[in-house]
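# Understanding the architecture of this molecule
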Amino acid sequence: MYVKRVKIYEFRNIRDVEFGPFEEPGSLAELVALTGPNGGGKSSVLELIAYVTSTVLGNHFEPSRGSSTDFRGVVTFGFRDSEIDFLKRIEPSSTGIAVEMVDRAISTRSLDVTFDLGLVQDQPAYACQRIGAYLRQYYQRSVGLFIRADRGGSRRYFDRQEVFNYGSTRLAAHADQYSFRSPDQQYQDIYNHLTQLSYHHNAELGRVTKLERAGEASIRDYPPDPLDPYTDLLDRVFPGYSFADQEAGIPTDLFISLPSGHVIAFNELSSGEKEVFLLLSFFIRHSVRNAVILIDEPELHLHPQLSRALVREVQRVSPGSQVWMATHNAEIIDEVGRDKVFYMSRSLEDGAISVSVESEHTSQVSSLRHLFGDTGYVGVGRTLVFSEGQATSADRKTFTRLFPDSGSSIKIVPVGGVESHLRVNSAILALLEDTFAWVQFYLVRDRDYLTEGMVEKYKSKSRGKIHVLSRCQIENYLLEFDIIADVLADMYDIRQPSSYWRDRFGALARQMSGEVASSLVAYRLNQIVAPQDFSLPKLNAGKPLVAEDGSFLEERLQTLKEYVHRRTAGVSEVISEQLKWSKLESKIDSWLGEVAACFSGDADGWVTLFPGKDLLSRFVKEGDLGPPVLLINGILKEMANRGFAPGELHEFVARATKGEPLV
């Protein structure tokens, strides 16, 4: 199960806000971030989702603070393919669930949980609770976790009596009961568990060894070390760290060997190191996957670089999960991606809380962008790829979704369009000529309406470091109609063959062909009369132009003016020649012919030439399918699940990852 939509009518100071709809998480964990100033309601939203989720799953929930107001709303839970298959196999009459509720869950792939003062109000909510309880038993692992912000780095002690409870604490039911409890209880449980793993493993090895000597066991009966997954985690997050076995008797503490060779008690690590390791270990202990995970302030005690590492490891150790985070951390917001960041703030006038997302371009989002700066927040990677174009958030999302394995070596940095970021792009072009320390720089830009000749000029500006897309915009690579057909069927329950959707997009393209033709002509004319080179020779180098009394030295002044006159006259002649109608008309006819050729016969050149962002936006608007970003996310997720990436982009990423020149 995952959270598909949250509607809060009333809870604390939150009134009438909505989050979602969210798509089913893919192979990697899906991230959702709530950000904004303190008092904006971020923690309240997580607490409410945690309460409803724990109720549905049949877990014990311990509230961290009370609520003096009514508490009303709806949380819609979605079901994955595997869960739908499970629902088809259960017998409703034996579970107390109404048959129509199971049928509804299967047909809509979701059910609503309505809450009012915490009470279940209708049959769908009751059915969802029962289904959640059955899924929890079916999975035999935690499918929901809540990690609160009131956790601390206080010293942990191991109670030796826990040695005798080891058998029961290894059961899934034991671990699951801590899913929604206080952080102190959660962390103490994982600390106790880790402290005694080696002790009991050694005891089991001794038992099997005795049986082997007696001929009653073989080497195949030796158990794997249960500490191995935690050892791997420790080395991934803190390279060179390892566990140290300091005691042969009953354990008293957990010990860590540092890269220097020193051995210290786990409690002597920094608060940030303990925070990250215990939190991620908690996920491994619960075998978390396909779960709803809520983390309040994951960056607590953490250095910025460690915050990023934490988010990436959460995705790694909880595949298929939906991870909600309330955060103030710029690194985490950058890792999540702006389309999954909700900005929450409280009005100073009436205390009302508002929620906005990146696609709404609100003043709050502008403030968030201001925090990152014009070029976006940059985390240093082995390779920095500057993405130049008007829709650069889609560029970043496309590369990170389709090439998740390159995330540790390539960082996509949005910089906006050429026209609005001339100074930024000038700096980038300078960087492309060199490396900064060990960092490689590349630039990817939209094709827009550039001609082949114009593209070659762009490529010639650097030594194999600029890639111009072969299609108009990055969104054009999402116009894969087999994938679009599946996404529309899964997300919106609209089922038509891919040929039908190709025809629908083609009709939209033909409808906007007049606008495209005008834009194409205007774009290329602007390229013709683009800023000209008015550079002048270093006249009178080393010689003053102004006399001691402040007057100009006439001879030198006149020489400068003559050079300027000749230079501007020459540029004027060139532009006038280029804009002569006798020459220009044939060019325009040729350009317009490109637009017409997109529709001749069975041609679909509009997929390449027409702006993909506009096509997708118009398609979504025509079908009343909500914000375009939902469909775009769905297409990207399906492409990622299929391992489908356009060959052109794959070639670029492969070369950039290796630091090779582009073709």
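Residue numbers restart at each chain and count upward from 1, following the sequence in its written direction. Note on the predicted model: pLDDT of at least 70 is required for a residue's local features to be given, and 80 or more for side-chain atom pairs to be given and counted; whole-chain, interface and lining totals, by contrast, use all residues. Note: side-chain values were computed over all heavy atoms of the structure, leaving out hydrogens and water.

## Details of the overall build of the protein
Scanning the protein for helices and strands turns up 25 helices and 18 strands. Buried means the residue's accessible area, taken with a 1.4 Å probe over protein chains only, is under 20% of the maximum for its type, while exposed means over 50%, and partly exposed covers the values in between. Looking at the 663 residues of the protein, the share that counts as buried comes to 49%. Contacts were defined at the residue level, with two residues in contact if any of their heavy atoms lie within 4.5 Å. For the protein, long-range pairs separated by at least 24 residues make up 73% of all intrachain contacts whose partners lie at least 6 apart in sequence. Each accessible area value is a Shrake-Rupley result obtained with a 1.4 Å probe; residue values ignore everything except the protein chains displayed when judging cover. Put simply, the protein shows about 31,300 Å² of open surface, and 51% of that area lies on carbon and sulfur atoms. Secondary structure is summarised from DSSP: a helix means a run of H or I of at least four residues, a strand means a run of E of at least two, and numbering begins at the N terminus for each.

## Regarding the pairing of strand 2 (residues 14–19)
The side chains of a regular strand alternate, residue by residue, between the two faces of the sheet. Inspection of the sheet shows strand 1 (residues 2–11) paired to strand 2 by 5 bridges, in the antiparallel sense. Across the sheet, the residue bridging to Ile8 is Val17, located in strand 2. Two strands qualify as a pair provided DSSP detects at least 2 bridges between them. Between the antiparallel neighbours strand 1 and strand 2 lie 2 residues, among them Arg12 with a positive phi of about 50°.

## A closer look at the packing of helix 10 (residues 271–285) against helix 11 (residues 304–317)
Relative placement of two packed helices is described by the angle separating their axes and the distance separating the axes. Contact geometry of helix 10 with helix 11 gives a least axis separation of 10 Å together with a crossing angle of 10°. Overall, the two elements helix 10 and helix 11 adopt an arrangement that is roughly parallel. Together, Gly272, Val276, Leu279, Leu280, Phe283 and Ile284 of helix 10 and Leu306, Leu310, Glu313, Val314 and Val317 of helix 11 make up the contact between the two elements. Side-chain classes follow a simple rule in which Ala, Val, Leu, Ile, Met, Phe, Trp, Tyr, Cys and Pro form the nonpolar group, Asp, Glu, Lys and Arg form the charged group, and the remainder, Gly included, forms the polar group. Its residues placed into classes, the contact of helix 10 with helix 11 shows 9 nonpolar, 1 polar and 1 charged. Angles here are taken between N-to-C directions and fall from 0 to 180 degrees, while the axes themselves are lines fitted to C-alpha atoms, restricted in helices to the stretch in contact. In this scheme, roughly parallel covers angles under 35 degrees and roughly antiparallel covers those over 145, while 65 to 115 is roughly perpendicular and the rest are oblique.

## Things to note about the nonpolar core
In this description, a nonpolar core means a group of buried Ala, Val, Leu, Ile, Met, Phe, Trp, Tyr and Cys residues linked to one another through side-chain atoms lying within 4.5 Å. Counting residues in each nonpolar core, the largest one holds 66 residues, and the members touching the most others are Phe505, Trp606, Phe610, Leu615, Ile635 and Phe652. If we ignore the near neighbours within four places in the chain, the residues touching Leu615 are Leu479, Phe505, Leu508, Ala509, Met512, Trp606 and Phe610. Within the second largest apolar cluster, 50 residues are counted, among which are Met101, Val113, Phe115 and Leu135.

## Brief notes about the sheet that holds strand 9 (residues 255–257)
Pairing is antiparallel across the open sheet formed by 3 strands, whose spatial order is 8-9-10. With one partner strand each, in any of the chains shown, strand 8 (242–244) and strand 10 (263–265) form the two edges of the open sheet. The mean inter-strand angle of the sheet, taken between neighbouring strand axes irrespective of direction, is 40°. Examined bridge by bridge, strand 9 and strand 10 share 3 bridges and lie antiparallel to one another. Within the sheet, the bridge partner assigned to Phe255 lies in strand 10 and is Ala265.

## Description of the pattern of salt bridges
By salt bridge we mean one thing: a side-chain nitrogen of Lys or Arg within 4 Å of a carboxyl oxygen of Asp or Glu. Enumeration according to the criterion identifies 21 salt bridges in this entry. For Glu515, the salt bridge goes to Arg618, with nearest N and O atoms at 2.5 Å. A residue pair is termed long-range when its members are at least 10 positions apart, and Glu515 in helix 19 (residues 513–528) and Arg618 in helix 23 (residues 612–623) qualify at 103 residues. In this structure, Arg642 and Glu638 form a salt bridge, with 3.0 Å as the shortest nitrogen-oxygen distance. With Arg642 and Glu638 both in helix 24 (residues 628–642) and 4 residues apart, the pair spans about one turn of that helix. According to the relative accessible area criterion, Arg642 is partly exposed, its value standing at 40%. You can call Glu638 buried: its relative accessible area is 16%. Linked through salt bridges whose partners overlap, the residues forming this network are Glu10, Arg15 and Arg72.

## Some points on unusual backbone geometry
Residue Pro21 is reached from Gly20 by a cis peptide bond, and omega for that bond is 10°. Structurally, Pro21 can be placed in the loop between strand 2 and strand 3 (30–35). Of note in the backbone geometry, Glu297 takes a positive phi value of approximately 55° without being a glycine. Its location among the elements puts Glu297 in the loop between strand 11 (292–296) and helix 11.

## Observations concerning the pairing of strand 12 (residues 322–326)
Of all 5 residues making up strand 12, 5 are buried, and the element is well covered by its neighbours. Taking every second residue as pointing to the same face, both faces of strand 12 are buried, with Gln322, Trp324 and Ala326 on one and Val323 and Met325 on the other. Sheet topology places strand 3 next to strand 12; 5 bridges connect them, and they run parallel. By the bridge assignment, Leu31 is partnered in strand 12 with Val323.

## Re the confidence of the model for the protein
The predictor rates its confidence in each residue with pLDDT, a number between 0 and 100. Considering every residue of the protein, the mean pLDDT works out to 79; 81% of them sit at 70 or more. Across the protein, the secondary-structure element scoring lowest on mean pLDDT is helix 13 (residues 363–372), at 43, and the one scoring highest is helix 22 (residues 606–609), at 95. Across residues 418–427, where pLDDT falls below 50, the model places 13 contacts with residues more than four positions away in sequence or in other chains. The model gives residues 434–438 a pLDDT under 50, and that stretch makes 8 contacts with residues more than four places away or in other chains.

## Overview of the side chain of Thr35
By secondary structure assignment, the location of Thr35 is in strand 3. A residue is classified by how much of its surface remains accessible, and Thr35, at 5% relative accessible area, is buried. Whenever a nitrogen or oxygen atom comes within 3.5 Å of another N or O atom, the pair is scored as a polar contact, on the condition that within protein one atom can donate a hydrogen and the other can accept it, and that pairs from neighbouring residues in sequence are kept only if both atoms are in side chains. A distance of 3.0 Å separates the side chain of Thr35 from the backbone oxygen of Thr327, its partner in a polar contact.

## A short note on the packing of aromatic side chains
Pairing of aromatic rings covers Phe, Tyr and Trp, the last through its six-membered ring, and needs centres within 6.5 Å; plane angles under 30 degrees mean stacked, over 60 mean edge-to-face, and all others mean tilted. Evaluated as defined, the whole model comprises 18 aromatic pairs. Three or more aromatic residues joined by ring pairs form one cluster here, namely Phe481, Tyr500, Trp501, Phe505, Trp606 and Phe619. A ring has a charge above it when a Lys NZ or an Arg CZ is no more than 6 Å from the ring centre and no more than 35 degrees off the ring normal. In this arrangement the basic side chain of Lys465 is found over the ring face of Tyr442, its NZ or CZ atom lying 5.4 Å from the centre. Geometry around Tyr563 places Arg566 over its ring, the cationic atom sitting 4.7 Å from the centre.

## Points about the side chain of Gln322
Mapped onto the fold, Gln322 is located in strand 12. Its relative accessible area of 1% is what places Gln322 among the buried residues. A distance of 2.8 Å separates a polar atom in the side chain of Gln322 from the backbone oxygen of Val3. Among all residues touching Gln322, those that are not within four sequence positions of it are Tyr2, Val3, Phe22, Pro25, Glu30, Ala291, Val292 and Ile293.

## Focus: the environment of Val263
Considering the arrangement of structural elements, one finds Val263 in strand 10. The exposure class assigned to Val263 is partly exposed, which follows from its relative accessible area of 35%. For Val263 and Ala244, which are 19 residues apart along the polypeptide, the C-alpha to C-alpha distance reads 7.0 Å.

## A few points about the packing of helix 2 (residues 81–89) against helix 4 (residues 99–108)
The geometry of helix 2 relative to helix 4 is characterised by a closest axis approach of 10 Å and an angle of 155° between their N-to-C directions. Classified by the angle between their axes, helix 2 and helix 4 sit roughly antiparallel to one another. The handedness of the crossing between helix 2 and helix 4 comes out as left-handed. In this structure, helix 2 contributes Ile84, Leu87 and Lys88 to the contact, and helix 4 contributes Val102, Ala105 and Ile106. Here a crossing is called left-handed whenever its near helix is offset anticlockwise from the far helix by less than a right angle, and right-handed whenever the offset is clockwise.

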